[in-house]
Amino acid sequence: MRWRRLTGNRLSLAALCGILLVVAAALLAPWVAPHDPDETDAEATLSSVSLRHPLGTDIYGRDQLSRLIHAARVDLLVALSATAIALTLGATLGALAGYRGGWVDQLLMRAVDAIMAFPAFILAMGITAALGNSTANLVAAIAITHVPIYTRLIRGEMLKARETEYAEAARTVGNRPRQIVLIHLLPNCVPPLIVQATLAMGFAVLTVAALSFIGLGIQPPQSEWGQMTAEGAGYVVSGEWWLVLFPGLAIMATVLAFNLLGDTLRDVLDPRMRGVR
Amino acid sequence: MTELLEVRDLSVQFDTDEGVVEAVDAVSFGVRAGEILGVVGESGSGKSVNALAILRLVRPPGRIVGGQVRFEGEDLLTLSEEEMRAVRGARISMVFQSPRTALNPVLTVGRQIARLFELHRGASRRDARRRTLEMLTRVGIAEPERRARQYAHQLSGGMCQRVMIAMALATSPRLLLADEPTTGLDVSIAAQVLELLRDLGRRTGAAIVLITHDLGVVAEVCDRVTVMHAGQLVEVADVRTLFARPLHPYTQALVRAIPRIDQDVAMEPIPGAVPSLLMPPPGCRYADRCPRVLDVCRRERPALLVAAPEHEVACHAVEREGAVAIR
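Since the structure is predicted, the reported quantities are computational estimates derived from the model, not experimental observations.

How each quantity is defined
- Residues numbered from 1 in each chain as written.
- Chains lettered and ligands numbered in written order.
- Predicted model: local features only at pLDDT ≥ 70, side-chain atom pairs only at ≥ 80, totals over all residues.
- Heavy atoms only, no water.
- Helix = DSSP H or I, 4+ residues; strand = E, 2+ residues; numbered from the N terminus.
- Buried < 20%, exposed > 50% of the residue type's maximum accessible area, 1.4 Å probe, protein only.
- pLDDT = per-residue confidence, 0-100.
- Pairing = 2+ DSSP bridges.
- Axes fitted to C-alpha atoms, helices over the stretch in contact; angles between N-to-C directions.
- Contact = heavy atoms within 4.5 Å.
- Parallel < 35°, antiparallel > 145°, perpendicular 65-115°, else oblique.
- Left-handed = near helix turned anticlockwise from the far one by under 90°.
- Salt bridge = Lys/Arg side-chain N within 4 Å of Asp/Glu carboxyl O.
- Buried area = accessible area lost by both parts, 1.4 Å probe.
- Expected span 1.5 Å × (residues − 1).
- Core = buried A, V, L, I, M, F, W, Y, C linked by side-chain atoms within 4.5 Å.
- Domains from an automatic or database assignment.

Participant: Describe the overall build of chain A, listing the residues and the values that go with them.
Facilitator: Scanning chain A for helices and strands turns up 12 helices and zero strands. Counting helices and strands in the order they occur from the N terminus, chain A gives α-α-α-α-α-α-α-α-α-α-α-α. Projected onto its principal axes, the C-alpha positions of chain A cover 75 × 45 × 30 Å. Taking all 277 residues of chain A together, the buried fraction comes to 48%.

Participant: Describe the confidence of the model for chain A, with residues and values.
Facilitator: Detailed reading of the predicted coordinates is not advisable wherever pLDDT is low. Chain-level pLDDT for chain A is 87 on average; 94% of the residues reach the 70-or-more range. Within chain A, no element has a lower average pLDDT than helix α1 (residues 2-8) of chain A, which sits at 67, and none a higher one than helix α4 (residues 64-100) of chain A, at 93.

Participant: Explain the sheet that holds strand β11 (residues 305-308) of chain B to me, and be specific about the residues and the numbers.
Facilitator: Residues and elements named next belong to chain B. Here eight strands make up an open sheet; going across it, the order is β6-β7-β8-β3-β9-β10-β12-β11 and the pairing mixed. Both outer strands of the open sheet, β6 (92-95) and β11, are each paired with one neighbouring strand and no more. The sheet shows a mean angle of 20 degrees between the axes of neighbouring strands, direction not considered. Of the strand pairs in this sheet, strand β10 (residues 232-238) and strand β12 (residues 311-313) are connected by three bridges, and their pairing is antiparallel. Paired with Glu 235 across the strands is Val 313, a residue of β12. Contacting β3 (36-40), β6, β7 (175-179), β8 (207-212) and β9 (224-229), helix α1 (residues 47-54) crosses the sheet at an angle of about 150 degrees to β8. Sheet strands touched by helix α11 (residues 249-256): β9 and β10. Its angle to β9, the strand with the most contacts, is close to 105 degrees.

Participant: Tell me about the packing of helix α4 (residues 109-121) of chain B against helix α5 (residues 125-138) of chain B, residues and numbers included.
Facilitator: When two helices pack together, their arrangement is given by the angle between their axes and by how far apart the axes lie. All names here are of chain B. The geometry of α4 relative to α5 is characterised by a closest axis approach of 8 Å and an angle of 120 degrees between their N-to-C directions. On the basis of the axis angle, α4 is oblique to α5. In terms of crossing hand, the pair formed by α4 and α5 is right-handed. Between α4 and α5, the residues in contact are Gly 110, Arg 111, Ile 113, Ala 114, Phe 117, Glu 118 and Arg 121 and Arg 125, Ala 128, Arg 131, Thr 132, Met 135 and Leu 136, respectively.

Participant: Quick rundown of the sheet that holds strand β5 (residues 74-75) of chain B? Include the residues and the values.
Facilitator: All names here are of chain B. Here four strands make up an open sheet; going across it, the order is β2-β1-β4-β5 and the pairing antiparallel. Only two strands of the sheet have a single partner each, and these edge strands are β2 (19-32) and β5. Taken together, the 10 bridges between strand β1 (residues 3-16) and β2 define a ladder with antiparallel strand orientation. Paired with Val 7 across the bridge in β2 is Phe 29. Relative to β1, α1 is tilted by about 115 degrees, and along the sheet it contacts β1, β2 and β4 (62-71).

Participant: Outline the pattern of salt bridges, listing residues and values.
Facilitator: In the structure shown here, the tally under the stated rule is 34 salt bridges over all chains. The shortest N-O distance in the salt bridge between Arg162(A) and Glu163(A) comes to 3.2 Å. Across the pair Arg91(B) and Glu74(B) runs a salt bridge, and its minimum N-O distance is 3.3 Å. Taken as a pair, Arg91(B) in the loop between α2 (81-87) and β6 and Glu74(B) in strand β5 lie far apart in primary sequence, 17 residues in all. Look at Arg91(B) and you get partly exposed, because its relative accessible area is 25%. The class for Glu74(B) is partly exposed, based on a relative accessible area of 29%. What emerges from the salt-bridge pattern is a single network uniting Arg176(A), Arg56(B), Glu81(B), Glu82(B), Arg85(B) and Arg88(B).

Participant: Can you lay out the interface of chain B and chain A for me, pointing to particular residues and giving the numbers?
Facilitator: Taken together, the contacts link 24 residues of chain B with 18 residues of chain A. Together chain B and chain A conceal approximately 1,900 Å² of surface at their shared face, both sides included; 55% is due to carbon and sulfur atoms. Per-residue buried area on chain B facing chain A is highest for Arg59(B), Arg85(B) and Arg115(B); these three make up 30% of the total on that side. The interface formed by chain B and chain A contains two salt bridges. Secondary structure elements with two or more residues in the side of chain B that touches chain A: α2, β6, α3 (99-102) and α4 of chain B.

Participant: Could you give an account of helix α7 (residues 157-169) of chain B, naming the residues involved and the relevant values?
Facilitator: An α-helical segment advances 3.6 residues per turn. Residues three or four places apart therefore align on the same side. Here α7(B) contains 13 residues, and its C-alpha end-to-end distance of 18 Å stays within 8% of the 18 Å for a straight helix at 1.5 Å per residue. For α7(B), the tally of buried residues reaches 13 of 13 residues, placing the bulk of the element in the interior.

Participant: Tell me what's going on with the nonpolar core, and back it up with residues and numbers.
Facilitator: Residues Ile92(B), Ile165(B), Leu175(B), Leu177(B) and Leu210(B) are the most contacted members of the largest nonpolar core, which totals 100 residues. The greatest single-element share of this core, amounting to nine residues, is contributed by α7(B). Summarising the domain contributions, this core has at least three residues from each of domain 1 (3-91 + 173-320) and domain 2 (98-172) of chain B. When near neighbours in sequence (up to four residues on either side) are disregarded, Leu175(B) contacts Leu4(B), Leu5(B), Val31(B), Phe71(B), Arg91(B), Ile92(B), Ser93(B), Ala207(B) and Val209(B). If you look at the next biggest cluster of nonpolar residues, it comprises 64 residues, including Ile19(A), Ala91(A), Ala250(A) and Leu269(A).

Here it is in structure tokens:
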């Protein structure tokens with residue numbers, strides 16, 4: 001029934017298909033990419049869109065479609081790991097702050113406020129610049145900037161949940177605080193968490209691409225959408241339009257798909273939004 | 001008769017921005033093994049807080065400021081939090097006012113009952129599940145297998161309350177605190193739930209503290225009754241005496257406020273409202289509503305005195321008439 005709501009709307013169906021397509025491309029990259037992404041071809045440098053190279057080639061004659069497909073792996077992997085880490089950490093801290101309250105809450109929330117006080121992108125830039133730009137550090141940088149989102153969300157949900165009668169009932173039967181939070185309260189916070197994680201996935205992809213665009217993220221020769229866009233930008237004036245257009249489109253479509261899916265999930269999972277268009 | 005639970009001078013306060021609210025003021029009463037004790041009073045008279053205080057679950061800004069809660073020989077107020085957790089749900093359990101919101105919306109009802117066996121009996125998942133189905137059958141739920149897999153929103157209100165009762169009785173507690181268990185249920189379902197409570201209480205030997213504002217319910221199922229007004233206990237009596245010869249002016253007013261269909265007398269509402277519990281004056285809190293108020297009522301708090309066997313009352317006016325013997 002809920003599945004129907006997700007696929008019933010043409011826009012959300014398109015978003016879902018788009019995400020599945022990118023995920024499939026990432027998972028099956030070695031098999032679906034027409035060429036080796038690092039294989040150079042001196043005969044076909046900077047060749048335009050053709051049957052042999054559907055999205056053209058770059059200055060070394062590498063096939064752009066293959067590079068985009070392999071880049072999907074990196075972009076999704078970094079975004080997904082960062083989201084998973086941020087969600088786990090953020091939900092734990094949020095649950096602790098919300099349920100315990102008092103000085104624990106004060107301490108955690110002021111720390112979170114401190115992170116939020118920095119513009120997220122500048123903070124991520126600073127972290128990668130300071131730690132060095134390995135993939136692991138990139139994941140860490142994005143995860144840290146995303147932790148406050150989940151902490152605040154779960155803290156708020158916890159504040160509501162702990163005052164409910166079923167929380168009271170869980171206390172009267174002798175549950176430990178940890179059991180109350182984990183077994184009785186957290187499952188009630190899952191729907192908004194899923195929505196937030198989906199929206200944040202799009203934002204994480206964008207951040208990976210942006211950091212790589214300015215040279216702080218994924219390093220060549222590994223292909224990455226933002227970095228490819230940056231390289232391609234240099235060729236706009238000389239007419240090799242495919243080098244900047246397709247990586248840019250890949251970023252835009254992926255981010256858009258995650259945002260649309262997140263919005264639809266909110267409508268489906270949040271009972272208060274049910275029936276509202 | 002031996003007392004299963006003995007509450008002595010229990011006081012609960014809430015710290016608010018405006019000052020201290022004395023929600024429960026030095027309340028003393030006993031519950032005997034196997035009996036059903038009614039606790040009646042208007043909304044805001046401290047009935048529910050009283051029950052939560054017995055389980056030591058008054059949440060901040062509320063706190064227990066004094067008294068004793070002796071249960072099976074030990075003072076619950078002196079136990080460690082760890083020891084208290086072994087009491088909650090196992091030896092004393094609670095049934096809530098609105099079963100639908102007291103059940104967790106995202107856990108199946110079967111899972112919620114099974115938790116009790118895992119928590120207090122160290123049962124394995126399988127074993128807990130088997131006992132859950134037994135429990136559901138005992139509280140009269142048809143098709144227990146199917147119901148156990150459902151969520152609270154898929155069950156009717158009466159069925160939810162049966163599930164709550166199954167949870168409360170799962171670990172055979174000695175004492176059951178039922179906080180207005182029939183509010184929000186329609187009359188015939190409420191009667192069934194009460195019947196079930198009384199029946200299971202009798203069979204397991206559990207005592208029941210039935211918190212209610214419905215004197216009809218009290219007359220039907222309780223053995224003894226305590227009457228609370230504005231956080232103070234005003235009268236304790238067995239149920240016949242309470243309805244036949246109420247002594248405290250508040251109890252008398254309550255009994256007169258019951259609409260009658262067998263006699264042609266008008267129902268008499270009680271004047272005034274429950275007074276503010278925010279820094280209340282010393283003395284009897286019913287003084288401002290009482291037709292028999294004396295000077296001493298506003299100065300001194302009346303003590304709970306024995307008027308007759310099984311009948312205690314806290315009232316200066318009654319005391320002055322010499323109807324009570326000093327305990």
